[in-house]
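Architecture at a glance
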Amino acid sequence: MASAQLFHPSSSSLLHHRRNPKLNHRHLLTCTASSSPASDAAATTASGGNNGATAYSPAENHRTLEKNIRDEARQRHGSADNFSARYVPFNSDLSHPPESYSLDEIVYRSRSGGLLDVQHDMEALKRFDGHYWRSLFDSRVGKTTWPYGSGVWSKKEWVLPEINDDDIVSAFEGNTNLFWAERYGKHFLGMNDLWVKHCGISHTGSFKDLGMTVLVSQVNRIRKLNNNVVVGVGCASTGDTSAALSAYCAAAGIPAIVFLPANKISMAQLVQPIANGAFVLSIDTDFDGCMKLIREVTAELPIYLANSLNSLRIEGQKTAAIEILQQFDWQVPDWVIVPGGNLGNIYAFYKGFKMCQELGLVSRIPRLVCAQSANANPLFLHYKSGFRDFQPVKAKTTFASAIQIGDPVSIDRAVFALKNSNGIVEEATEEELMDAMAQADSTGMFICPHTGVALAALIKLRRSGVIRPTDRTVVVSTAHGLKFTQAKIDYHSRKIKDMSCRFANSPVEVKADFGAVIDVLKAHLNKSSVK
């Protein structure tokens, strides 16, 4: 039996597994692997000759010019038609929502003006036990089978179950490194089980890829259904969203329009949408001003809104939570700390963990922490007030530019996630986040300022005793440090006004003289040995 048949939810084999939850896990994975060309070759290699080597045959390993991995997916099966999803008003009665919409409709808010959420047919998903879902997701890791090589689309049944594989736009995003921060945890925090989920080691260098593959794939589907209804996709951005949107639209051949706040993002972030061919407008306002404009524009023109007001992105971003559980062999960490700006991501992590609990993959969810910059901290202030009467703030400049947002769209989502996970909100000053970033880099990481915010929050929670030394804790790193090299240069050059930069590591200037070099090296080595 082919792997697609074995794991397609409508197949008799799945029904057999549903009735027999004790079906051997190893047998499932073996059957799945043996059906793909790559694993067939691996099996042949393993069984051939004394040293396991077989002759390479180009004819057996090359596809014809007319064939590709999409064609192979088309031959295997169509969409997962046993499952479905729809838009409903956020936090409504899911059994009897007051209104609902097809995902093929272009709608961003409910009739009352509230947020929407993607609701999955949980009863259909519950027909299969947690063991089945764990086995299915694990079987797809590390494969090049379209579209399951993606960390997002390997959970397709939980993301966009009705989309055809042909419509998916993917760079095989996700499957990012879960890094054991051994030295940082031990040296700076006295912790033995600290992990950093490097979501920034991704196609465009940030976690935004996880959501954008879903959104652009759905737009691709909508355009195929009616090409005139959407002429392009637009977003307001502080950098990372525009980079992800531009890349995925370029891959699909869909026009991208980007509104950026002038002089408020790094050059590394600005160059990405430009290089990917987006139409970029540099606007003399902040992110909140850009967001207001793009919402007005998309209401007037057939441009699809790609900001986190659109709940499709949540569906991709939630897979990072599922991935963390996979990487821990389906054991649940005690804490997950997420930097927060527009606040969609903290809800996405909650939603991913909660789905795993509801569908029997795990028995509990971790406590969540949302970490904000003190210069853009509306959620922190709301949390301190007991979540009474939310008030937006005017965001001040912060090195964590992607979360420099004073009026977050997903405030209600974030509050819901925190209340239902016994969560906490913490903040970090500019000096605290930059010092935390420098400390982390000194132990072998190369993180962004937003991850510095999360680490600074962790430091405070450790000092207060809220997080214990042995608690398994995951810090979500949202972007790659290479996007923020200027901030690092300024810190290590001690050029930041009113900041001591106490962990700066500036180059030492020395004459081109052997004796002078030896003296400097001896002094440095003696100093290091004292530490």
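What you see is a predicted model; the values in this text were computed from it and never measured.

Definitions and cut-offs
Residues numbered from 1 in each chain as written. Predicted model: local features only at pLDDT ≥ 70, side-chain atom pairs only at ≥ 80, totals over all residues. Heavy atoms only, no water. pLDDT = per-residue confidence, 0-100. Contact = heavy atoms within 4.5 Å. Buried < 20%, exposed > 50% of the residue type's maximum accessible area, 1.4 Å probe, protein only. Helix = DSSP H or I, 4+ residues; strand = E, 2+ residues; numbered from the N terminus. Pairing = 2+ DSSP bridges. Salt bridge = Lys/Arg side-chain N within 4 Å of Asp/Glu carboxyl O. Core = buried A, V, L, I, M, F, W, Y, C linked by side-chain atoms within 4.5 Å. Disulfide = S-S within 2.5 Å. Phe/Tyr/Trp six-rings, centres within 6.5 Å; stacked < 30°, edge-to-face > 60°. Lys NZ or Arg CZ within 6 Å of the ring centre and 35° of its normal.

**Description of the confidence of the model for the protein**
Averaged over every residue, the pLDDT of the protein is 88; the share at 70 or more is 87%. Low pLDDT (under 50) marks residues 1-54, which in the prediction has 67 contacts with non-local residues, meaning those over four places away or in another chain.

**A word on the pairing of strand E12 (residues 473-477)**
Remark: a regular strand shows side chains that alternate across the two faces of the sheet. Burial analysis of E12 places five of its five residues in the buried class, the great majority of the element. Here E12 shows no split at all, with Thr 473, Val 475 and Ser 477 on one side and Val 474 and Val 476 on the other all buried. Two elements, strand E4 (residues 194-198) and E12, share five bridges in a ladder whose sense is parallel. Pairing of Trp 195 across the sheet is with Val 474, part of E12.

**Re the pattern of salt bridges**
Inspection of every chain in the model, using the stated rule, returns 17 salt bridges. In this structure, Asp 117 and Lys 351 form a salt bridge, with 3.2 Å as the shortest nitrogen-oxygen distance. On the criterion of sequence distance, the pair formed by Asp 117 in strand E2 (residues 116-120) and Lys 351 in helix H16 (residues 344-358) is long-range, its members being 234 residues apart. When sorted by exposure, Asp 117 lands in the same class as Lys 351, which is buried. Asp 441 is the salt-bridge partner of Lys 488, the closest N and O atoms lying 2.4 Å from each other. Of this pair, Lys 488 sits in helix H21 (residues 485-492) while Asp 441 sits in helix H19 (residues 430-441); the two residues are 47 residues apart in sequence, bridging distant segments of the chain. By the burial criterion, Lys 488 is buried, and Asp 441 matches it. Salt bridges sharing partners connect three or more residues here, namely Asp 117, Glu 315, Lys 318 and Lys 351.

**Here's the deal with the nonpolar core**
Soluble globular proteins tend to bury their nonpolar side chains together. Grouped together as the largest cluster of nonpolar side chains are 107 residues, with contacts concentrated most on Trp 133, Trp 158, Tyr 304 and Leu 379. Here this core gets eight residues from one element, more than from any other, and that element is H16. Ranked by size, the runner-up nonpolar core spans 38 residues in total, among them Tyr 184, Ile 403, Ile 447 and Ile 459.

**Describing the state of the cysteines**
Within this structure, the stated rule accounts for zero disulfides. Distance from the sulfur of Cys 249, which forms no disulfide, to the nearest cysteine sulfur (Cys 235) is 8.7 Å.

**Brief notes about the packing of aromatic side chains**
Within this structure, the stated rule accounts for 20 aromatic pairs. For the ring pair Phe 137 and Trp 158, a centre distance of 5.1 Å and an interplane angle of 80 degrees mean the geometry is edge-to-face. Linking Phe 137 in helix H8 (residues 130-140) with Trp 158 in the loop between H8 and strand E3 (178-180), this pair joins segments that are 21 residues apart in sequence. Judged by relative accessible area, which is 0%, Trp 158 ranks as buried. Judged by centre distance (5.7 Å) and plane angle (85 degrees), the ring pair of Tyr 350 and Phe 416 falls under edge-to-face. Of this pair, Tyr 350 sits in helix H16 while Phe 416 sits in helix H18 (residues 411-419), and the two are 66 residues apart along the sequence. The rings of Phe 83, Phe 128, Tyr 132, Trp 133, Phe 137 and Trp 158 are connected pair by pair, giving a single aromatic cluster. One cation-aromatic arrangement involves Arg 472 over Phe 328; the distance from NZ or CZ to the ring centre is 4.3 Å.

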